[in-house]
Every structure is written in structure tokens, then in C-alpha cells.
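# Geometric and topological summary
Spelled out from the first residue to the last, the chains are:
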Amino acid sequence: MNELIEALRLVLAPDVLIAILLSSIYGLVIGSLPGLSATMATALLVPVTFYLSPIAAVASIIAASAMAIFSGDIPGCLLRIPGTPASAAYTDEAYALTRKGQAEIALGAGLWFSALGGIAGTISLVVMAPALAELALNFSTFEYFWLAFLGLMCATLVARSSPVKAIASMLLGLFIACIGMENPGGVPRFTFGITELLGGIEPIPVLVGVFAVSEVIRAMVSPEPPPLPHRRFGSILAGQLHLTRKYWRQMTRGNLVGIIIGVLPGAGADMAAWVSYAMSKRFSKEPKKFGTGHPEGLVEAGASNNASLASGWVPSLLFGIPGDTITAIAIGVLYMKGLNPGPTLFTERASSMYALYIIFILANILMIPLGIVMIRVASSVLRAPRATVMPVILVCCAVGAFATGNNLFAVVLVATFGVVGYVMERNGYPVAAMVLGIVMGTMVEQSFVTSLIKSDGSLLPFFERPVSAVLAAMTIAALLWPVFIWSWKRIRPRHQEQAL
Amino acid sequence: MTSFTRRGFIASASTVLASSVVGLKPSFSQSNYPNRPITLICPWGAGGGTDATARIIGQVMEQKLGQPVNVVNRTGGNGVVGHAAIASAAPDGYTIGLLTVEIAMMHWQGMTDLTPRSYTPLTLMNVDAPAIQVKADSPYKTIKELADAIKAAPPGKLKASGTGQGGIWHLALVGWLQSLGLQSNHVAWVPSNGAAPGMQDLVAGGVDIVPCSLPEARPMIDAGRAKSLAILAPERNPQFPNVPTLDEQMGPHKSVGVWRGIAGPKGLPADIQDKLVAVLKEVYASKEYKEFMSGRGFGVKWAERAEFGQFMDESDRQMGEAMKAAGLAKA
């Protein structure tokens, strides 16, 4: 109890509160600019944390990253330009709602269910951190292989185009993931002697290119779409209570999936959003409505996405294993401030630990009022003429690509993938599936090859280990399900004939 | 449009030319160097250990010099891009950088032509030796028992992880295996995305051995999941006094380790070198630097100029040997 009071005292210090507020606003703004990612927002915050007290430093990282992930949904919804690979899963859905004149429902769902998901994730961190860590420690490369494979299969589920084109896009993504020398063999592949390609192609510049830049190209070649009916932007939260009541099952499922995926060090918010969106569609009573502006998938994926963000801190805090790029940066800050990750953080420095919990909750609550303001401001972009919006987006993309690594090559990549994305979209190939391929590709290969090295080339351990066996069964079932449905449909008419 | 581009190109080309010419000659401003901000290039991304080290050095330098020292992360190409940027900067003392052990490895793999000789060595700031970790409930109690078990096991039976194929800890293991008179692949290497995932796989039962630095292994050791059998260094690490050295247990062994140091482009004028080395010496002795390094568990080691150059040459030679033995060097 004393520790809790001490933690409250730590958090309620003026410098911490100011740090939380300022970094929240910073995170919201950076995350909402198309082309600037949550990872970048966090990375650019690192030099600032040098001058802050330990708790304020970690608080600013937590607040900025949570806000940036949420506000990455804003350009996704308004302009069809997702801010993070996680929001790429449901960008089309949110944009469809905007075109239907229901932007406030889409953005409100993003905000409301992100905040609730974040709080659910934090509670899991408080209550079950040791148990979740135990689960994470049982995951070896065999389990990660199945998980990544399941993630890849979401490409066909999520896409609205033909499955063949979705798979083709995903395979292109897998090919792009092959580039560089970050592969199990440590051998440069497809680099053509270009130094910059040795490090491989990161998902973020690709994402910015295929969504943001290709959107700008589309705007250049197509006539301006009919302006949305000019009307007052409705209440953002009013519809959400109704949605919460209607879709509480989906929300809970999203939270649970998010917590479990987030806690695994090799999988993060990206996979959580994709898997949850796909799951929502698969188990929905109205799967036909998906992709046409239906909030059900948004609820589940949004809930999952932010829950995973909070539970992703479990392996980081307990074992110093980063769950994603953001926690990787956060671990660096923790070390720098003497809050070395490890179980002693939970025992010897319990008050600091409680302070982190309080900051998580605080940031997720603060997200709602700040998010509403942000949405109101950002929605004016819908009224702005396209000719003024698009050049700004292009500048943001170039600046964002350059800023994290001070590397001009990233800008070239963004431009290249802008063209690739445009060509793909024009021909009906879903770019989101390609992004998924790039995000998952490295993980599929790495976990498969290292597993085989460990098992001396035997495939048996993929099915032998208990968790692995369950995941394998799920994957194979999901693979065979369409075949089953197809044959069942072939057989059923005969049954009916017999019945007649 | 064309003429504009061409003019832009000529202008920038002449600027580059002019700056390199100015840099080669003793410049006018040398007496009052530095009279403008200094850029410190870090070849790795924000938030990592190298970035943190660069930033603490930059911060203390700034206090001592009275000029801003901006740490710039130049990432990409697995460190090649940033290292190349340091080497190709104008040698005027306004652009220096943090070199990491990769500069002694990359050219063996044919990734770049740059070697430690492509720079003006200033000061060595940090060295971390590898240590050998096993699972907490592993049957091996000492490094000697582990060594015997490795010798007794058929090639490829035992597995180790902790970095990518041909990464620094892989080479450390190869060096140790060679000193035991074994083939470089006697213990199979399982590539991973760094020491932390390697340690996780150790605890999950996926691999048997993880060679990595002690600060990297610390969270799992503190959690009671892993134990460190020996540190491959001449002396024990004061942060981990209970971990014996390999030398104590099995006799002398020269091992590869990670290091970080400050260097400038080739041809840095002597008076600027003097000034920078003097300031870096103050940084090295400062309370802030000492506290930061011990807080992260990083080892400190000092060498300056030619001495640092020799240190890099030695590291380069060791890396080359280990990489050739592991079949990773390009002929």
C-alpha cells in the first residue's frame, strides 16, 4: 500500500504530469501526420528523455507511443493513409465509413475501443504479468513459425479482392522481405551491390509509399471526387456506447487476442490487428458487410491493437526482450534511467513499477478528450481542397522517411513503393496484403530455418511440442476449411434432392 | 529544368570540392576550433545501446567544449551507411563518429571497402567481453564441464544462439571452439535477432548455450532463469564479481569482444586531434560517463590515437581469422 502511495506521488509530480501532457500532444500530432509513424515519434523523443527524471522519461515514451498508435488511425480513416502497419489492416473499412458520411463513427470507434483496449491490456499487465511471461517464455521458434503462418493467411481473409490476387500481393511482400542480409544465413540477397539494401527493406517506408504516396498519385491522375455532403460533424462518442453494447463479444475477443499476441516478444500490434480483423470477419454473422463500412471489424481490431501495445511491455519489463520497435526503444530509455528491466524491477522497485501502471491508465484516459479534439481538428481536412492537402502529404512522407535514419535512401524507397502501390491498386491487387507479407516474411523464414537448425532438419518438433501442436492444428484447419466448405456445398444439393 | 538541375549539381559538387580542399589545408579557424556545432554520427538507430553511448559522450563533450554536439543517427545497410558517412566527412573536426566493432567485420564479408584504417582513430571508449550462458537448471556447473560436454558431444548436437549468422557472438564462440581444438561448427549456430531473443530461446529450451555480453544476459540471470559460466576476458567484470574468467578456469584465451570508439575521417589535422582527444579524455573521466556506463553494465576501456588504431588492427585480425574459420569471409 505504501508503495502505491509512493507511486502516486511519483506520477503526480508536476514534471511527470507536464511530460505526459506534452508528449501526448506530440504523439497525437506526429501519429496523425501521414507518413510519420509511431516508431518515429518514439525515436525522436529519445534525446529529449535525456533531460527528464526517470519516471517522466518513461511516462513520455508510454504516452507518446499510445497516442501515436491511435492517431495513426486518423489519416487512415480520413484519407485512406494508415499511420502504422497495424492500422493498415482496417484502413479500407474505416475509409469506406468516411465515404458513407460516418467518419465520426469510424474515428470514434478507433478512439473509444483503443482506450478501452489499452486499459484492458494494462490490467492484464498488472494482474497477470508473471503468468503471461511464463506463457511467452514457452514460445520457441517452432511456435512462432505457426503464428507467423497464421498471420500470413489473414491476407486472403481480409482482402476484398479475389483471393488469387491477394495471395499474389502477399507473395510479392514475401519476396521483398527476402532482400538484404538480415536472413538466417547472413548472406546478402537481391542487393545488387547496393549498400543500402544490405539492411533489407523496412515495413514503414513501404507502408508510407504504398498508401500515402500512391494516394497522392491517384489524386493527380483522377478528377476530384464529389465533395462529401457538407454537414456538421456528429458527436464522436454518442454512437460508441451503442456499439459497445452491440459488439461487446467482439471487443472482449479482440482484447484477449491482443493481450496474448502482444505478450509474445516476436509478435506485436501489427499481427494483433490483422488476426483480430480476420477473426472478426470469419466469425461475423454478416461477413458480406465487411469492407463496405461496417464497424464490427473496427471494434475488434481496434480493441486488439491497443491491448497488445500494453501487454507488449510484459516481456520488455520482465526480461528485457522487446516486443516491437517501440518497446525496443523504450528498453533503451529504461536502461539509461537506471530502471533496468528484470524481475527486480517488480520487487525492489515496486513503486516505480506501480507508477508505470498508473501512467498507462492515465495515458489511456487522457487519450479520449485529447483524441476528440484531435479528430475535430483533423476532420477539417475533409473540407480542404485536395490540391492543398496532397502536396502537404507528400512533404510529410519525405520528411518522415528521412527523419529516423537521416538516410536519403528511405525517401527513394518511399517514392518507389508509391509507384508500385499505385500500379497494384489500379490492377486490383490489395497493397495491404503485400505489407502483411513484408511484416511477416522475415518472421516466417527466420523461425522456420532456425527451427530446422535446432531439430537437425526434422519436421517433427513442429507438431510435437504442445503449444506448437495446437497452433499447427489451427493453421491446418484454417487451410482446409475452404476445401471443406466447397465440398460440403457440392454434396448438399444432392442431399436436398434425395430429401425431395 | 535540366539547366537548373545541372546548375544545382555543379554548385553542390564545387561545395564538396571546396570543403575537401579547405579540410586538407590547415584551416583559418583552427586556433579557435570549435567555433560551431559538431556532428557526432552514430551508425545505429535511436534507442539502442550504441545510440545511448553516443548521446552520453555527446552530452558531456558539449559541456566541456561549449559548442553543441549533435548526435545524428545515420542508419541503413547494417551499419555500412553510417560508417561510410564518418569516413567520407570533411576532415575539419566538425564531423566525427562512433565506430563499432562491425567496422572490423564488414569488409571481410565484402559488404564495404572500409576498414579500421579508413579513419583517424581518436579514442577507444568501451569494450564488452562475451560471457557463456546456459540455462539455470542446466547440468553444467562450470565452464570446464561445459567444455568437456561439448568435446564429448557429436558435432552439431549442441546448439548456440545470440546473434545473426557471422555476428560478433557467433565469432566469439568460433574462437573459443578453435582454442579447444574443435571445428567452428562443432556447436551449431542458430541465428537470432540479437542477444535478448537468444536468451529467450535458451530459457524456452530451444538452444543450449548463449554467448553474449553480461549486461545483455543480465535480465534472465536476475530472473533466475539462466546462469553465466565464465567471462571470456582477462579480468572479471566488477559488475558481476561472481562470474569467473575463462582464464582462471581453463588457462589464457584471447577472445573477440564488442567495442566502441570515437574516430574522425582520415587526414584530421593534428591540432584538432589534440583538442578532441583532450576533451574525450575528460569525458571518459567524467562522473556522468562513469555512472552511465556502470548503470548499463557496459565495460569501460581507454586507448588513444595510435594505440586505439593498434587495438582496431588487432580486432580486425581476430575477426578475419574467426570469419575465415567459420567460412563467412569472402575470399
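An unreviewed UniProt entry lists chain B under the name ABC transporter substrate-binding protein, with Microvirga vignae as the source organism.

### Focus: the overall build of chain A
When helices and strands are tallied, chain A shows 23 helices and 0 strands. Expected size for 500 residues packed as a compact globule is a radius of gyration near 23 Å; at 22 Å, chain A falls within 12% of this value. With respect to the principal axes defined by its C-alpha atoms, chain A has extents near 75 × 60 × 60 Å. When the 500 residues of chain A are sorted by exposure, 58% land in the buried category.

### Regarding the interface of chain B and chain A
Every contact between the two is made by 44 residues of chain B and, on the other side, 42 residues of chain A. Elements with a contribution of two residues or more to the side of chain B that touches chain A: helix 2 (49–65), strand 2 (69–73), helix 3 (80–87), strand 7 (188–190), helix 6 (195–203), helix 7 (214–222) and helix 10 (287–296) of chain B.

### A few points about the nonpolar core
All names here are of chain A. By size, the foremost hydrophobic cluster in this structure holds 279 residues, and its most contacted members are Val435 and Leu436. Tallying contributions element by element places helix 7 (residues 103–137) first for this core, with 17 residues. Contact partners of Leu436, with chain neighbours within four places excluded, come to Leu152, Cys154, Ala155, Met170, Gly173 and Trp274.

### Some points on the packing of helix 8 (residues 141–158) of chain A against helix 13 (residues 269–283) of chain A
All names here are of chain A. Contact geometry of helix 8 with helix 13 gives a least axis separation of 9 Å together with a crossing angle of 50°. In this view, helix 8 runs oblique relative to helix 13, as classed from their interaxial angle. Crossing of helix 8 against helix 13: the hand is left-handed. Every residue of helix 13 that contacts helix 8 at Leu150, Gly151, Cys154, Leu157 and Val158 is listed here: Met271, Trp274, Val275, Tyr277, Ala278, Lys281 and Arg282. Here the contact of helix 8 with helix 13 is composed, by residue class, of 9 nonpolar, 1 polar and 2 charged.

### So, the environment of B:Lys254
Residues and elements named next belong to chain B. Within the element layout of this structure, Lys254 appears in the loop between helix 8 (246–250) and strand 10 (258–265). The class for Lys254 is exposed, based on 11 C-beta atoms found within 10 Å. Residues Lys254 and Gly175, 79 residues apart in the sequence, show an inter-C-alpha distance of 8.3 Å.

### So, the sheet that holds strand 9 (residues 226–231) of chain B
Residues and elements named next belong to chain B. Spatially, the 3 strands line up as an open sheet ordered 8-5-9, and their pairing is antiparallel. With partners counted over all chains shown, the strands left at the sheet margins are strand 8 (210–213) and strand 9, one partner each. Averaged over all pairs of adjacent strands, the angle between strand axes in this sheet comes to 40°, irrespective of strand direction. Both strand 5 (residues 130–135) and strand 9 contribute to a ladder of 5 bridges, which runs antiparallel. Residue pairing in the sheet places Ala131 in a bridge with Ile231 of strand 9. Most of the contacts of helix 7 go to strand 9, to which it runs at about 150°, and overall it touches strand 5, strand 8 and strand 9.

### Focus: unusual backbone geometry
The residue after B:Tyr33, namely B:Pro34, is reached through a cis peptide bond having omega -10°. Here B:Pro34 shows up in the loop between helix 1 (2–24) and strand 1 (38–42). The phi torsion at A:Phe192 lies on the positive side, around 50°, for a residue other than glycine. Secondary-structure assignment places A:Phe192 in the loop between helix 9 (163–178) and helix 10 (203–221).

### Some details on the sheet that holds strand 3 (residues 95–100) of chain B
All names here are of chain B. Sheet architecture is open: 6 strands sit in the order 2-1-3-10-4-11, paired in mixed fashion. The open sheet has two edge strands, strand 2 and strand 11 (300–304), and neither has a second partner. Neighbour to neighbour, the strand axes of the sheet diverge by 20° on average, direction disregarded. Sheet analysis places strand 3 next to strand 10, joined by 4 bridges and oriented antiparallel. The residue of strand 10 that forms the bridge with Gly97 is Ala263. The sheet strands contacting helix 2 are strand 1, strand 2, strand 3, strand 4 (119–128) and strand 10, and the helix crosses strand 2 at an angle near 165°. Most of the contacts of helix 11 (residues 306–325) go to strand 4, to which it runs at about 70°, and overall it touches strand 4, strand 10 and strand 11.

### Some remarks on the pairing of strand 3 of chain B
Residue and element names in this part refer to chain B. Within strand 3, 6 of the 6 residues are buried, leaving the element largely enclosed by the surrounding structure. Of the two faces of strand 3, the one lined by Thr95, Gly97 and Leu99 and the one lined by Ile96, Leu98 and Thr100 are each fully buried. Of the strand pairs in this sheet, strand 1 and strand 3 are connected by 3 bridges, and their pairing is parallel. Bridge pairing in strand 3 places Thr39 opposite Thr95.

### A word on the packing of helix 1 (residues 2–11) of chain A against helix 18 (residues 350–379) of chain A
Residues and elements named next belong to chain A. Where helix 1 contacts helix 18, the two axes come as close as 8 Å, and the packing angle between them is 60°. One element, helix 1, and the other, helix 18, form an angle in the oblique class. Of the two possible hands of crossing, helix 1 and helix 18 adopt the one that is right-handed. Along its contact with helix 1, which presents Glu3, Leu4, Glu6, Ala7, Leu8, Leu10 and Val11, the element helix 18 presents Ala350, Ser351, Tyr354, Ala355, Ile358 and Ile359. Its residues assigned to classes, the contact of helix 1 with helix 18 shows 10 nonpolar, 1 polar and 2 charged.

### So, the confidence of the model for chain B
Atom-level detail of predicted coordinates should not be read off regions where pLDDT is low. Residue and element names in this part refer to chain B. In the predicted model, chain B carries a mean pLDDT of 86, and the fraction of residues at 70 or more is 90%. Here helix 1 stands out as the element of chain B with the lowest mean pLDDT, 45, in contrast to strand 3, whose mean of 96 is the highest. Residue range residues 1–29 is modelled with pLDDT below 50. Its contacts to residues more than four positions away, or to other chains, number 10 contacts. Prediction confidence for the complex, expressed as pTM and ipTM, is 0.80 and 0.76 respectively.

### Remarks on helix 3 (residues 38–49) of chain A
Residue and element names in this part refer to chain A. For helix 3, spanning 12 residues, the distance from its first C-alpha to its last is 16 Å, which sits close to the expected 16 Å at 1.5 Å a residue. With 9 of 12 residues buried, helix 3 lies mostly within the body of the structure. Listed as buried for helix 3 are Ala38, Thr39, Met40, Ala41, Thr42, Ala43, Leu45, Val46 and Thr49. Buried residues along helix 3 sit against helix 2 (14–32), helix 4 (54–71), helix 10, helix 16 (325–336) and helix 19 (386–405).

### Focus: helix 21 (residues 431–454) of chain A
Residue and element names in this part refer to chain A. A rise of 1.5 Å per residue sets the reference length of helix 21, with its 24 residues, at 34 Å; its end C-alpha atoms lie 35 Å apart and thus fit the reference within 8%. At Met440, helix 21 shows its maximal kink, close to 40°. Counting buried positions along helix 21 gives 20 out of 24 residues, so the element sits mostly inside the fold.

### What to know about the domain arrangement of chain B
Residues and elements named next belong to chain B. As assigned here, chain B comprises domain 1 (30–128 + 257–325) and domain 2 (130–250). Each of domain 1 and domain 2 has a C-alpha centre, and the two are 28 Å apart. Each partner contributes to the interface: domain 1 provides 14 residues, whereas domain 2 provides 14 residues. For the side of domain 1 that touches domain 2, the secondary-structure elements that each account for two or more residues are helix 10 and helix 11. If one sorts the elements of the side of domain 1 that touches domain 2 by residue count, helix 11 sits on top with 4 residues. In terms of residue class, the side of domain 1 that touches domain 2 is made up of 7 nonpolar, 5 polar and 2 charged.

### Overview of the confidence of the model for chain A
In this model, chain A carries a mean pLDDT of 85, and residues with pLDDT of at least 70 account for 96%. Element-level pLDDT for chain A is lowest in helix 17 (residues 344–347) of chain A, with a mean of 75, against a maximum mean of 93 in helix 20 (residues 408–426) of chain A.

### Digging into the environment of B:Met323
Residue and element names in this part refer to chain B. For Met323, the position within the fold is in helix 11. We classify Met323 as buried; it has 21 C-beta atoms within 10 Å. It is 9.3 Å that separates the C-alpha atoms of Met323 and His170, two residues lying 153 residues apart in sequence. Sequence-distant contacts of Met323, that is, excluding residues within four places in its chain, are made with Met105, Trp108, Gly166, Leu171, Leu328 and Ala329.

Conventions we followed
Residues numbered from 1 in each chain as written. Chains lettered and ligands numbered in written order. Predicted model: local features only at pLDDT ≥ 70, side-chain atom pairs only at ≥ 80, totals over all residues. Helix = DSSP H or I, 4+ residues; strand = E, 2+ residues; numbered from the N terminus. Rg over C-alpha atoms; globule rule 2.2 N^0.38 Å. Buried ≥ 20, exposed ≤ 12 C-beta atoms within 10 Å, placed from the backbone. Contact = placed C-beta atoms within 7 Å. Core = buried A, V, L, I, M, F, W, Y, C linked by C-beta atoms within 7 Å. Axes fitted to C-alpha atoms, helices over the stretch in contact; angles between N-to-C directions. Parallel < 35°, antiparallel > 145°, perpendicular 65-115°, else oblique. Left-handed = near helix turned anticlockwise from the far one by under 90°. Nonpolar A, V, L, I, M, F, W, Y, C, P; charged D, E, K, R; others polar. Pairing = 2+ DSSP bridges. pLDDT = per-residue confidence, 0-100. Expected span 1.5 Å × (residues − 1). Bend = angle between axes of the 7 residues up to and from the residue. Domains from an automatic or database assignment.

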